[in-house]
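Topology and contacts: notes
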Amino acid sequence: MTLRESRIFLVLALNFLTVYNRPAGVHLRNMESFIQAVQQVEDSNPGLSPLALARALRRTAGHDDLMTVHFLGASHNLSDTEGLEGSILNATSFSFFDKAIHHIVTDHGEERGVVLAPDGTTVALAPLLLGIESGLKAKMEGTEAVGIFPLSLGRTLGLSLLSLQDIPPSMRLGPNGCWDNVEQPKVFKLSRPATLATDAVINGGMDGVILGNHLSKLPATEQPQALSEILRGYYNFTLTEKQGIDAVTSYISPKRRQLSRQLLESLDLHAEVMTTLTLVWKLEKTEWIALDSGLGNAVQDGLKTFMHRYLDCPQIIPRCQWGAKASRDTPIPLSLPLRFLYVHHTYEPSRPCLSFSSCSRNMRSMQRFHQEDRGWNDIGYSFVVGSDGYIYEGRGWSHVGRHTRGHNALGYGVSIIGNYTATLPSRHAMDLLRNHLALCAVNGGGLTGNYTIQGHRQVVNYTTCPGDALFSEIRSWEHFRE
């Protein structure tokens, strides 16, 4: 390693410490703060390549395990930098990098090494950065990007599916969690005991696969952007009513599941995970991995759950994330599976919401109206679809809503934010409802396979909901019934 590279590591530590290592409870764990810290390092080192910076991040986080070195090589050579090593990896800087990137779950269920992205989802940084580094390495060396999937997603996914074989496949992945405060996120608590592949790890892994593959396939004449710009382009974007998500052709985080499906469907996912586990066994001498048919069956069953939960189902923003108040009474359980899916528009708010902050604000406003003005126990809808690329949890999969008078216990009530009397929602929003939420409900046991879609107006006389334009649209959908 050169003297200049060593100085980069020192600047990296000092700049990151400036941003993150404030008094306890003050530093914010969001993606923008992390990107700003990366940019400070870049600004202090003109000409620094994104690959060199990605390697620096890996080195300072201590992520030189055998499998990572197998694909990416060692991130440092101590014999070249003995004189500077102490100033770089002292106790303070090591503590910072452990908090910023190193992924752990505490005994109290707090997940660290994760950040809140602007779109409202939570992302583990380690798998994200490994995927980016793998793609950059392949691009700069002109080689095949063989390490992107194993390092970003395959290893953790496979080990998680195998480590908990005594429990149902649905419990071998996840969970999600909630931040203490989405405006100033500091602590992320999981909703149940963690697996190796929490939702944040899977989000980070998917993002690493997406960005790594994109970077590895850049034209020979095109140089990759700075690392901060790679991250900012994917996570920090602005949607407008004129330039909505339908018109976006670049890679952005709300399209995470759509893009991941496109990439992973081109692979034999079972074979890829099994190959990754075999490599883990060879490199790390993992004795408990028995490479037999039982292992293959366990992986196959687990991958079905992975495909259902993270690729078939849309990403649903949980109640705690959008700031829901508690229900005013004990929720009434639904008797599943249901036979109906009732489509609504909110009418008010009348405009589509295009960001996590605006959609969350709309959700809180509707819940307040339903609870305080109408006297209901909670927000009425089962789910609400935003135009930001996400679905928001209302009463959810298991509880009776207050959305379609006389029919609340017979089906889910799903509303798209906006007034669709004269215009349609975005294609992406309608696709989330029609092809993803409905499929998720069928495969998860919430809806019968021959379920019926109806507009609110078909079963309640006094309303024109879901608006003339949207109602005309849903009449062409496969499961619609007059």
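I will try to describe carefully the structure that is included in this document. Just so it is clear, the structure is predicted and the values come from calculations on it, not from any experiment.

This part covers the overall build of the protein. If you tally the helices and strands in the protein, you get 18 helices and 12 strands. For the protein, buried positions account for 54% of its 482 residues. Across the protein, the fraction of contacts at a sequence separation of at least 24, relative to all contacts at a separation of at least 6, is 73%. Surface summary for the protein: the accessible area is close to 20900 Å², and the carbon and sulfur share equals 51%.

What follows covers the side chain of N203. On the secondary structure map, N203 appears in helix α9 (residues 199–216). By relative accessible area, N203 is classed as buried at 3%.

This next bit is on the state of the cysteines. Applying the stated rule across the entire model yields three disulfides. The disulfide partner of C178 is C320, and the S-S distance across this bridge is 1.2 Å. Here C178 is found in strand β5 (residues 177–179), whereas its partner C320 is found in helix α14 (residues 319–322), with 142 residues between them in sequence. Accessibility expressed as a relative area gives 39% for C320, which makes it partly exposed.

Here we take up the packing of helix α7 (residues 125–141) against α9. With their axes 7 Å apart at the nearest point, α7 and α9 run at an angle of 15° to one another. When the axis of α7 is compared with that of α9, the two are roughly parallel. When the axes of α7 and α9 are compared, the crossing they make is right-handed. Residue-level contacts link P127, L128, G131, I132, G135, L136, A138 and K139 of α7 to V201, G204, G205, D207, G208, L211, G212, L215 and S216 of α9. Looking at the contact of α7 with α9 residue by residue, the class counts come to eight nonpolar, seven polar and two charged.

Time to look at the pattern of salt bridges. Summed over all chains, the structure comprises 18 salt bridges. Across the pair E133 and R58 runs a salt bridge whose closest N-O atoms are separated by 2.7 Å. Of the two residues, E133 is situated in helix α7 and R58 in helix α3 (residues 50–61); the sequence distance between them amounts to 75 residues. For the residue pair E133 and R58, the accessibility class agrees, reading buried in each case. Between R261 and E265 there is a salt bridge, and its shortest N-O distance comes to 2.4 Å. Several salt bridges share partner residues, and in doing so they unite R55, R58, D64 and E133 into one network.

Interhelical geometry of α9 versus helix α11 (residues 256–264) gives an angle of 60° and a closest axis separation of 10 Å. Relative to α11, the crossing made by α9 is left-handed. Residues N203, M206, D207, V209, I210 and N213 of α9 touch α11, and the partners they reach there are R256, L259, S260 and L263.

Here the focus is the packing of aromatic side chains. The way to describe two aromatic rings as a pair is by their centre distance and the angle between their planes. Overall, the coordinates contain eight aromatic pairs when judged by the stated rule. Pairing F306 with Y310 gives two aromatic rings, centres 5.7 Å apart and planes at 35°, and the pair type is tilted. Of the two residues, F306 and Y310 both sit in helix α13 (residues 293–312), four residues apart, roughly one turn of that helix. Look at F306 and you get buried, because its relative accessible area is 0%. Between the aromatic rings of W397 and Y412, the centroid separation amounts to 5.4 Å while the plane-to-plane angle is 85°, which identifies the pairing as edge-to-face. One end of the pair, W397, is in the loop between β10 (391–393) and β11 (411–416); the other, Y412, is in strand β11, with 15 residues separating them in the sequence. Since its relative accessible area comes to 27%, W397 is described here as partly exposed. Three or more aromatic residues joined by ring pairs make a cluster, and in this case those are F383, W397 and Y412.

Let's shift gears to α7. Between the first and last C-alpha of α7 there are 24 Å, a value that for 17 residues agrees with the 24 Å anticipated at 1.5 Å per step. Burial analysis of α7 places 15 of its 17 residues in the buried class, the great majority of the element. Trailing α7 by a residue or two, G142 shows a phi angle of about 65°, which is positive.

Conventions adopted
- Residues numbered from 1 in each chain as written.
- Predicted model: local features only at pLDDT ≥ 70, side-chain atom pairs only at ≥ 80, totals over all residues.
- Heavy atoms only, no water.
- Helix = DSSP H or I, 4+ residues; strand = E, 2+ residues; numbered from the N terminus.
- Buried < 20%, exposed > 50% of the residue type's maximum accessible area, 1.4 Å probe, protein only.
- Contact = heavy atoms within 4.5 Å.
- Areas by Shrake-Rupley, 256 points an atom, 1.4 Å probe, with all protein chains shown as cover.
- Disulfide = S-S within 2.5 Å.
- Axes fitted to C-alpha atoms, helices over the stretch in contact; angles between N-to-C directions.
- Parallel < 35°, antiparallel > 145°, perpendicular 65-115°, else oblique.
- Left-handed = near helix turned anticlockwise from the far one by under 90°.
- Nonpolar A, V, L, I, M, F, W, Y, C, P; charged D, E, K, R; others polar.
- Salt bridge = Lys/Arg side-chain N within 4 Å of Asp/Glu carboxyl O.
- Phe/Tyr/Trp six-rings, centres within 6.5 Å; stacked < 30°, edge-to-face > 60°.
- Expected span 1.5 Å × (residues − 1).

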